[in-house]
Structures are given as C-alpha cells and as structure tokens.
Amino acid sequence: MDCVPALDEPLKKVLGGNTAKVMADHLDLHTIGDLLHHYPRRYAERGELTRLSELPLDEHVTVVAQVAEARVHKFDRGTKQRLEVTLTDGSGRLQLVFFGRGVYAAQKELLPGRRGMFAGKVGVFRNVRQLAHPAYEMLGKEDGAEAVEAWANQLRPLYPACAQLESWKIEKAVGTLLDSLAATGWEGLVDPLPESLRQGRGLAELPEALLKIHRPRTKTDIATARDRLKWDEAFVLQVALARRRHADAQLPAVPRAPAEGGLLDAFDARLPFTLTDGQRSVSREIFADLATEHPMHRLLQGEVGSGKTMVALRAMLGVVDSGGQAAMLAPTEVLAQQHHRSITEMMGDLAEGGMLGGSEQGTKIVLLTGSMGAAARRQALLDLVTGEAGIVVGTHALIEDKVQFHDLGLVVVDEQHRFGVEQRDALRSKGKQPPHLLVMTATPIPRTVAMTVFGDLETSVLDQLPAGRSPIASHVVPAKDKPHFLARAWERVREEVAAGHQAYVVCPRIGDDIGDEGNEGDGGNGPKGAARKPAKPSAKSSAASPEDEAEKRPPLAVLDIAEQLAKGPLRDLSVEVLHGRMQPEAKDDVMRRFAAGEVDVLVATTVIEVGVNVPNATAMVIMDADRFGVSQLHQLRGRVGRGSAAGLCLLVSEMPEGSPARARLGAVAATLDGFELSRIDLEQRREGDVLGQAQSGARSSLRVLAVIDDEEVIAAAREEAAAIVAADPELTAFPELRTALDAFLDEEREEYLDKG
C-alpha cells in the first residue's frame, strides 16, 4: 500500500474484504480511524531475564536456556498427548509442558541442543517448576545478547479481540496502518487539540501518541500516550457539551421571578420546620436561573431523603407566582400519586385555589396518569389548558398530544434515568417558549459522571439531611450459610411492629408469571436490573459452584413471599402486597393504608424504590439482595429511617461468603454515603454503561479515558472547552477541532445531545 486514504475510508480498502468484515461484524470497527483508535487493552511483559535457579513462583518470567530433552507422553488411553520439555541454563532446570494442538508445533522446534527464549508464568507440578504453553522464540548462532535483551524486554500489545480475529492479527493490521501513515507524513490525521492547549499542558503530538500506544518500548511510552489520548477524548466531549450549553443559553425563555407576598411566601410562612442550609443554597441557584431570559437546565442530585422534593416544590410555587404553570414528571403511578399526595398535604388550603375553603393565594394541584377515569381525566385536562391548575403531577400521560398547557413555565423531571430523552423533550415542547428544566435524581452521581453524562446541565448537590432524620443500620443476612439469621430477621420485623412501627419486605419479582421478570408494567419503565434471569448452567461444568446454584433458582417473588410470611413467621400481622401490575386504585389504596399505619408489613417490588415517604416505616428486609444493583439497594434502604426512630435494613442473600455478590452487599452495609456507593457501582459497571449504548444509542466513544479515575483531566478539559466555546462558538478558528467534533457526533449522539 503506497498511501493511506482518509481516516473515514472503509477498512476494506487497506486490509482486504474478509478481515474488514470480521472487524466490522465482531469488533464494530469500520474505518481506518476506528482501527487506529482501537487501543491495546493491556500489554504482555516478558520481563527481565531470569536464571533457572532463581525462578519465583506465580510470576511471569523470561529465560534463555537450552533444550536438554523433549518427550511426548500419551494419556487418557492413548487418545491424548502432552509434550514435556526439559530446559537447562547451567544454573538449574525447568520443565515446559504443551497440550493439544500446541504439541505438534513445539515438537518440531524444541529439539535437544537448541537454544531459545521462553516466557510464561511459573507454576509447580509434582514439585517440579514448569511453564505451561510458554511463548518462545528459538535463537540461532548469530543471535547475540542484544537480540535476547530486545525480545525479553518487549512490551507486546494485547488488543480487544474476538474468536474470529486474534490479538496478534489485529496487531499486524495496526502495524501495517502505522507504517503507511508514517510514510505519508500522517496525512489525513486530524489533531483535535489546539496547539496552544497541547503545548501548555505538555502533551505529546498525536502521531507520537498513536505510535507509543500501539508500539511502546517502555512503560513511560504507554503513560505518555495515554495522557495525550485521554485529553483528546475528554476535550472533544466537553466541547460538544459546552456548545450545547451555549446554544441553550441563546434560546428565549420567560423569566419566572416569584411575586413578593405571593404563594411561595405564604407556603414558607406555614412550614413547620426550617429549611437546611443546603436547601436554601440550592434554592438560591434555582431562583437565579428562573429569573433569566434563557431556559434553566439544572440537575438537582442529592442523597435519599435530603429534601429534593421540597426544593422542587418551592421552585414550582415561584413559577406559579409569576403567572406560569409547572409540571412534575414521575416514572411510575405510585410515585406520581405519592408526590401529588405529599404536595397537597404540605400545602393545605394553598392547594385548593378556586375551591370552596381554598386560600385566595392558592392554586390547584392536579394529578394526571394513564389509568385515570374518563371524567377525572377530562377535568384535569381542562384545568391545565385554562390555567386553573398551577401544578400538575403525572406520569408519561403528561406527554400525550391531548395534554395542553395555558403557560408551561417549568418542567421538573423526577428520577430522570427512568425516562428517554424523547419523553423529556416532548414535555418541554408543550411550552409557548422553551420552559425551564429541573432534573432530579436521588441516585448520587460522581462528579466526573455529572460532568460527562449530564455535562449540558448545571449541577446542584444536596448532601445534607434534614434535622430529625435517623441513622439506618444495615446488615447482610446469609440465608443459606446461616438460616437462623433469617429467622432472626423476621423476629426483628415483629419487634419493630410491636414497638408501633412498620416494615417493608422487597422482592425482585412479582410472581404472577405475566411478562418478563422485573417489568412491572408502569409504562414500560420497570426498575433497571430488578430481576436478573437465572443463569444457565454451562454445558462444560459438571459441578456448579454455590454462586451458580444460587443464580439458577428463580428470583424470589412478592406473591410467594407474602403468602409464606402471612402463614409463617409474620402470622397474625397485617401483611399486604404492592407491585406495578396492580390496578391504580388498588395500589393507591394499599399505599394510603400503609401510610396511615393500618398495614404492618408491605411486601413489594422496587415500585417503592423512590419517593415513597412513610416516616413510621423503620425496617426493610430485601430478599435476594444480590440481584439488585448497588445504587438501587441504597435507594431502597432510603425508604426507612425517615422519622425519629432508627432504621434497619437487612440484605438477605444465598450467595456464599467470599463471592463478588456478597462483597457488593458488604460494601452497601458498610456505608450510608451514596456518593461512595455510586463510585463502587460505577467501578463494577465501568463507564461503557454510562456513556455507551444506554446513553447515546452508540458504543462508548471513551477508550482510554476512565470516568471514575480521570476527574482532573475531565475537569480541566471542561474549563478549556468552556473558554474556547465562549470566545468562538462556531469554532471558526479551530477547523481541526470542528472536524473531530463532526466525527465524534454521529447522528444518534447529536440527537441525544440536542434533546438534552
């Protein structure tokens, strides 16, 4: 190949059709640029030469030695064979062993008297040190000490590969590409970093970084390359987000300043408690945004029970004061009903505007869900279009075409991760001008993720719990190892009820065998990962591990557990069930009775995960806790300890001690710090899940940037990006950056950012 086409050219132009097809089908690599940025996952180190007499166990070593003898041994009634090779270097002896297909190739080369280099991990079998299937290269008479040192100390790139295309073949293809690019002076390679930024940060030039990431001579080379390539990824992403923020700032919006002596002041005057410093601070940020002539785009995140709903309600009241309307979008009917009920209770007669006995300063609060009766639905729609209702709380039903507002000024999205961007966008489009947007999440998000996934939003954090919130003690209950612990768990529930309190029991599955496990039918937005399907036993494994046994069993179900408890350890207590496929009236009735203290124990799915507020509920038992994610467990636990009495959360699992699942539960039990747990959760899921398919509809564009580890790079890139975009929004002075941005923002990702 004499020259390299542009980086967006198909791979088949340089690699041939078959290889290109495998790369496209199995590795999602389609262009020359894709392959160039397909970085090694890690590097194989052969290490320094080691004398046979000094071989350390369980370490990778490289030795130069001579073959003393080589013998083939047959076993399994002669149907299989292994090759045993004995090496010597004058200081000691070492055995090599090869099985299967490796025998034939090694048998031809590893002849007595020949000298070679051998690399592998030192093991021991029958008191003899050995290397199983080592990498090796035979030496000729002309190979001197220099050749040996070069081979021994080489860093061999290992690429993300597939069964159809081994790492070494990818290495060869990348090598061909690098040689051709170097021969043409790296023609067509676009460097997204402005030269002043690159030099100011002391970063390598892009060709140097690409050579060092694919062909490092030393570990320093790898570090130099990764430092530079991390910046490319962080900077281009942050420029995209900065341009999104800049574009949003140009949109017109109606300023929504609260009227003095209005609804908000009347509400504040009636509050029976004092707002926390955090609530006051965040409210100031929100009201400052609402007073501007461009739409607020703010993310409000906070710990479970930190008072986000109070902050959102005060923002909504301020908008109503200014003559506008506010809509709160909730992911489930249970949560929408809970929000509607708690808001109307907090507001009292201020929530009865225009009604007999209502306050003159009040407004009307309406609920809109998909399963409401026709008459109630018609009245709610009428109240919205006439402006009679200042606040509406609803589910996806708010998004339907029939729903029209008199003057929508603020959209509050609760638990935004449950909604697609299209749904959020559809509600925002109902304003005469773009309404202000407040996104809330009770899932604490590490700062780096907030700067990437939610980088187009300004962020407010509530990390201070209101006065009166009680501590929650959490414990893992090993149901299989120690069944008496589970019996004690039910005794603790009875003790809490005897003390006048209530309890939740949470299960991953409903148990009515309708539809998929964990999908509760609340608008198709069942909780993420609520019920992992039982693992299928491997055809190869004859004896399943304890983890496999635990996973093969179907997840425990609400209907089954409720029946067992009512007949067994919790008999004579009032036990009720709650799940997403119940009729709305039935769900609301159960929640009302539980909130009123008429139900002792509520056996539920994760439909109670967010927003449910029953201060008298002090205990929670989570069955099959290992089948839930870390953040989800933290959310569930936040339903207890919401009053003056201490909370108790028991995480029941059949997983054996020492398993990763038990370690995850131990981490949850060990801390109430949601931000620390979100970090653990992210480390387990890795950032591909954060920035990849779940977010943009495309595979993750981050290859060397680690969202959890590279906070300094992301924060610095955000600052640099904001400065450049503020001075030159169209990037006219940075054509290379613009080209890189166009390549980064494929159609799906552009649409994702556009919809916010």
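Residue positions are given per chain, counting from 1 as you read along its sequence in written order. Only residues with pLDDT of 70 or above have their local features reported here, since the model is predicted, and side-chain atom pairs are shown and tallied only from 80 upward, although totals for entire chains, interfaces and linings are computed over all residues. Only heavy atoms go into the side-chain values, all of them from the structure, while hydrogens and water stay out.

Undergrad: I keep staring at the overall build of the protein chain and nothing clicks. Help me out?
TA: Of the regular secondary structure elements, the protein chain holds 28 helices and 21 strands. Throughout this description, buried means an accessible area under 20% of the type-specific maximum (1.4 Å probe, protein chains only), exposed means over 50%, and partly exposed covers the range between. The buried share among the 756 residues of the protein chain stands at 52%. It only takes one pair of heavy atoms within 4.5 Å for two residues to be counted as in contact. Summarising the internal contacts of the protein chain: among those between residues at least 6 apart in sequence, 73% fall at separations of at least 24. For the accessible areas, the method is Shrake-Rupley and the probe is 1.4 Å, while residue cover comes only from the protein chains on display. Carbon and sulfur atoms make up 49% of the accessible area of the protein chain, which totals about 33900 Å². The secondary structure listing takes helices from DSSP runs of H or I that are at least 4 residues long and strands from runs of E that are at least 2 residues long, numbered from the N terminus.

Undergrad: What is the right way to read the pattern of salt bridges from this model?
TA: Pairs can form between side chains of opposite charge whenever their charged atoms are close. Put simply, a salt bridge is a Lys or Arg side-chain nitrogen that is within 4 Å of an Asp or Glu carboxyl oxygen. Applying the stated rule across the entire model yields 35 salt bridges. Among the salt bridges present, the one from Glu205 reaches Arg198, with a minimum N-O distance of 3.7 Å. When its relative accessible area of 7% is taken as the criterion, Arg198 is described as buried. With its nearest N and O atoms 2.8 Å apart, the salt bridge here joins Asp588 to Arg341. You can see Asp588 sitting in helix α20 (residues 584–595) and its partner Arg341 sitting in helix α13 (residues 333–347), a full 247 residues away along the chain. The residues Asp588 and Arg341 share a single accessibility class, namely buried. Salt bridges sharing partners connect three or more residues here, namely Arg488, Glu491, Arg492, Glu495 and Glu496.

Undergrad: How should the packing of helix α9 (residues 219–250) against helix α27 (residues 735–744) be read in this particular structure?
TA: What describes two packed helices is the angle between their axes and the distance between those same axes. Axes here mean lines fitted to C-alpha atoms, for a helix over just the part in contact, with angles spanning 0 to 180 degrees between N-to-C directions. At their nearest, the axes of α9 and α27 sit 10 Å apart, and the two run at 85° to each other. Here α9 is positioned roughly perpendicular relative to α27, judged by the angle of their axes. Counting all contacts with α9, which are made through Phe235, Val236, Leu237, Val239, Ala240 and Arg243, the residues of α27 involved are Leu737, Arg738, Ala740, Leu741 and Phe744. Think of it as three bins: nonpolar holds Ala, Val, Leu, Ile, Met, Phe, Trp, Tyr, Cys and Pro, charged holds Asp, Glu, Lys and Arg, and polar takes everything else, Gly as well. Residues of the contact of α9 with α27, tallied by class, amount to nine nonpolar, no polar and two charged. Oblique is the label for any angle not covered by the other classes, which are roughly parallel (under 35 degrees), roughly antiparallel (over 145) and roughly perpendicular (65 to 115).

Undergrad: Which parts of the structure should I look at to understand unusual backbone geometry?
TA: Excluding glycine, most residues fall at negative phi; most peptide bonds, likewise, are trans. A positive phi angle, close to 55°, is found at Arg126, a residue other than glycine. Position of Arg126 among the secondary structure elements: in the loop between β5 (115–125) and β6 (128–132). For Trp186, which is not a glycine, the phi torsion comes out positive at approximately 60°. Along the polypeptide, Trp186 turns up in the loop between α6 (167–183) and α7 (195–200). For Trp186, a relative accessible area of 13% translates into the label buried.

Undergrad: Mind showing me how you'd approach the side chain of Asp728 here?
TA: Inspection of the secondary structure puts Asp728 in the loop between α26 (711–727) and α27. Lacking a salt bridge, the buried Asp728 has Arg243 as its closest oppositely charged neighbour, with an N-O distance of 8.0 Å. The sign given to each residue is positive for Lys and Arg and negative for Asp and Glu; His and the chain ends receive no count.

Undergrad: What is the right way to read the sheet that holds strand β19 (residues 601–604) from this model?
TA: What holds strands together in a sheet is hydrogen bonding between their backbones, with the strands either parallel or antiparallel. Reading across from one edge, β16-β21-β20-β17-β19-β18 is the order of the six strands in this open sheet, with parallel pairing throughout. Of all strands in the sheet, those with a lone pairing partner are β16 (472–478) and β18 (575–578), marking the two edges. If you compare each strand with its neighbour and ignore which way they point, the axes differ by 20° on average. Where β16 lies against strand β21 (residues 647–653), seven bridges are found, and the strand directions are parallel. Paired with Ser474 across the strands is Cys649, a residue of β21. Contacts between helix α21 (residues 630–637) and the sheet are confined to β16, β17 (502–506), β20 (617–622) and β21, with β20 contributing the most and set at about 150° to the helix. Only when DSSP finds a minimum of two bridges between them are two strands counted as paired.

Undergrad: I'm lost on the packing of aromatic side chains in this one. Help?
TA: Working definition: an aromatic ring pair is given by the centre-to-centre distance plus the angle between the planes. Two rings belonging to Phe, Tyr or Trp (six-membered ring only in the last case) form a pair when the distance between their centres is within 6.5 Å. Interplanar angles under 30 degrees mark stacking, angles over 60 mark edge-to-face geometry, and anything in between is tilted. Tallied over the full model, the rule gives four aromatic pairs. Judged by centre distance (6.3 Å) and plane angle (90°), the rings of Phe75 and Phe99 are edge-to-face. Residue Phe75 is found in strand β2 (residues 60–75), and its partner Phe99 is found in strand β4 (residues 93–99); the two are separated by 24 residues along the sequence. Exposure remark for Phe75: the relative accessible area of 29% places this residue in the partly exposed category. The class for Phe99 is partly exposed, based on a relative accessible area of 37%. Following the ring pairs from residue to residue traces out a cluster consisting of Phe98, Phe118 and Tyr136.

Undergrad: What's the story with the pairing of strand β11 (residues 364–368) in this structure? I'm lost.
TA: Consecutive side chains along a regular strand alternate between the two faces of the sheet. The element β11 is extensively covered by neighbouring structure, given that five of its five residues are classed as buried. Residues Lys364, Val366 and Leu368 line one face of β11 and the alternating positions Ile365 and Leu367 line the opposite face, and both faces are buried. In this sheet, strand β12 (residues 389–394) lies alongside β11 in parallel orientation, the contact comprising five bridges. Its bridge partner lying in β12, Lys364 is registered against Ala389. For crossovers, right-handed means that the path from the first strand over the helix to the second runs clockwise, given strands pointing away from the viewer. Crossover handedness for the path β11 to helix α14 (residues 374–386) to β12: right-handed.

Undergrad: Help me out: how do you make sense of the sheet that holds strand β9 (residues 297–302) in this one?
TA: Overall, parallel pairing links the seven strands, which are arranged β11-β12-β10-β13-β14-β9-β15 in an open sheet. If you trace the sheet from one side to the other, it starts and ends with β11 and β15 (458–462), each paired once. In this sheet, adjacent strand axes meet at a mean angle of 20° when their direction is disregarded. Across four bridges, the pairing between strand β10 (residues 325–329) and β12 is parallel. Bridge pairing in β12 places Ala326 opposite Ile391.

Undergrad: Help me out: how do you make sense of α26 in this one?
TA: If you check α26, its first and last C-alpha atoms are 25 Å apart, about what 17 residues at 1.5 Å a residue would give, namely 24 Å. Within α26, the full set of buried residues consists of Val713, Ile714, Ala715, Ala716, Ala717, Arg718, Ala721, Ile724 and Val725. One fewer than the residue count of a helix, multiplied by 1.5 Å, yields its expected span.

Undergrad: I'm lost on the environment of Asp414 in this one. Help?
TA: Within the secondary structure, Asp414 is located in strand β13 (residues 408–414). Accessibility expressed as a relative area gives 5% for Asp414, which makes it buried. C-alpha separation for the pair Asp414 and Leu335, spaced 79 residues apart in sequence, amounts to 9.3 Å. Looking at Asp414, its side chain comes within polar contact range of the side chain of His339, at 2.6 Å. Any pair of N or O atoms that falls within 3.5 Å is considered a polar contact. Within protein, one atom must be able to donate a hydrogen and the other to accept it, and sequence-neighbouring residues count only if both atoms are side-chain atoms.

Undergrad: What exactly am I supposed to notice about the nonpolar core here?
TA: The nonpolar side chains of a soluble globular protein tend to be buried, and buried together. Only buried residues count toward a nonpolar core. Its members are Ala, Val, Leu, Ile, Met, Phe, Trp, Tyr and Cys residues joined through side-chain atoms within 4.5 Å. Counting residues in each nonpolar core, the largest one holds 39 residues, and the members touching the most others are Met316, Met347, Ile391, Leu410 and Leu438. With nine residues, the top contributor of residues to this core is helix α12 (residues 308–321). With sequence-adjacent residues up to four places away left out, Met347 is seen in contact with Leu263, Phe267, Arg270, Leu313, Leu317, Thr363 and Ile365. Residues Leu27, Leu36, Leu177 and Leu206 belong to the second largest nonpolar core, which totals 33 residues.

Undergrad: How should α13 be read in this particular structure?
TA: Every α-helix carries 3.6 residues per turn, so stepping three or four residues along brings you back to the same face. Here α13 contains 15 residues, and its C-alpha end-to-end distance of 21 Å stays within 8% of the 21 Å for a straight helix at 1.5 Å per residue. Burial of α13 is extensive: twelve of the 15 residues sit out of reach of the surface. Buried within α13 we find Glu333, Val334, Leu335, Ala336, Gln337, Gln338, His339, His340, Arg341, Ser342, Ile343 and Met347. Positioned one or two residues after α13, Gly348 has a phi angle of 60°, which is positive.

Undergrad: What exactly am I supposed to notice about the confidence of the model for the protein chain here?
TA: As a general rule, the predicted coordinates of low-pLDDT regions are not to be interpreted in detail. Summarising the model, the protein chain shows a mean pLDDT of 82, and 83% of its residues fall at 70 or more. Each residue gets a pLDDT score, which is the predictor's confidence in that residue and runs from 0 to 100. Contacts from residues 1–5, a stretch scored under 50 in pLDDT, to residues over four places away or in other chains number eleven contacts. A low-confidence stretch, residues 515–543 (pLDDT under 50), is modelled with 64 contacts involving residues beyond four sequence positions or located in other chains.

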